[in-house]
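Remarks on the overall topology
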Amino acid sequence: VQLVESGGGLVQPGGSLRLSCAASGFTFSNYAMSWYRQAPGKEREWVARITSTSGYTNYADSVKGRFTISRDNAKKTVYLQMNSLKPEDTAVYYCNLRIRISDYWGQGTQVTVSS
């Protein structure tokens, strides 16, 4: 399993970013995918999840209405569109795959929201 995140960067409050996670080494279309984030000095927290085929999504309350998770099974990629970004969204964002009791993570991509 390999998960490679990209798309992070520095953005002003109110701005937008789109993160991508390219997956390989497993049958991508068979599995739900999630995004997590970890801010400095804090525990990693779940952000959003999308199911495998129906594309059902759910979100943490802190990002609901601002972030959108989506996937392209043909490209084996999951996305996180982040709008109306706030300074408290600053964190390293990780793509996650869970197969039974095993968790797989990418290397993370840094998102910094600051003026």
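Our subject is the structure listed above.
Keep in mind that this is a model prediction, so the values were computed, not measured.

Bringing the overall build of the chain into the picture now. On a plain count of helices and strands, the chain comes out with zero helices and eleven strands. Written out in order from the N terminus, the α and β elements of the chain read β-β-β-β-β-β-β-β-β-β-β. Compactness check: the chain gives a C-alpha radius of gyration of 13 Å against a globular reference of 13 Å for 115 residues, within 12% of the reference. Each of the three principal axes of the chain carries a C-alpha extent, and together these read 40 × 25 × 25 Å. Every one of the 115 residues in the chain was classed for burial, and the buried ones make up 42%. Within the chain, counting contacts between residues at least 6 apart in sequence, those at least 24 apart form 51% of the total. Total accessible area on the chain is roughly 6,200 Å²; 46% of this is exposed by carbon and sulfur atoms. Of the charged side chains in the chain, 13 are positive and 8 negative; the average position of the first set lies 6 Å away from that of the second.

So, on to the pairing of strand E5 (residues 45-50). Strand direction decides the pairing type here: strand E4 (residues 33-38) and E5, joined by five bridges, are antiparallel. Within E5, the residue paired with Ser 34 across the bridge is Arg 49. The turn joining E4 and E5, which pair antiparallel and follow one another in sequence, is formed by six residues; a positive phi near 75° is taken by Gly 41. In this structure, E5 lies alongside strand E6 (residues 57-59), joined through three bridges in antiparallel fashion. Its bridge partner being in E6, Ile 50 is matched across the sheet by Thr 57. Taken together, E5 and the strand that follows it, E6, pair antiparallel across an intervening segment of six residues, in which Gly 55 is found at a positive phi of about 75°.

The rules behind each value
- Within each chain, residue numbers correspond to sequence positions counted from 1 in written order.
- The predicted origin of the model limits local features to residues at a pLDDT of at least 70 and limits the giving and counting of side-chain atom pairs to 80 or more, whereas totals for whole chains, interfaces and linings rest on all residues.
- Water and hydrogen atoms play no part in the side-chain values, which are based on all heavy atoms of the structure.
- Going along the chain from the N terminus, every DSSP run of H or I of four or more residues is numbered as a helix, and every run of E of two or more is numbered as a strand.
- As defined in this context, the radius of gyration uses C-alpha atoms, and a globule is described by 2.2 Å times the residue total to the power 0.38.
- Only protein chains enter the accessibility calculation, which uses a 1.4 Å probe; a residue is then buried when its area is under 20% of its type maximum, exposed when over 50%, and partly exposed in between.
- Contacts are assigned to residue pairs with any non-hydrogen atoms lying within 4.5 Å of each other.
- Each accessible area is a Shrake-Rupley result for a 1.4 Å probe, and residues are judged covered by the shown protein chains and nothing else.
- Residues scored as charged are limited to Lys and Arg (positive) and Asp and Glu (negative), so that His and the chain ends carry no count.
- Think of each charge as sitting on NZ of Lys, CZ of Arg, CG of Asp or CD of Glu.
- The pairing criterion for strands is at least two bridges between them, as found by DSSP.

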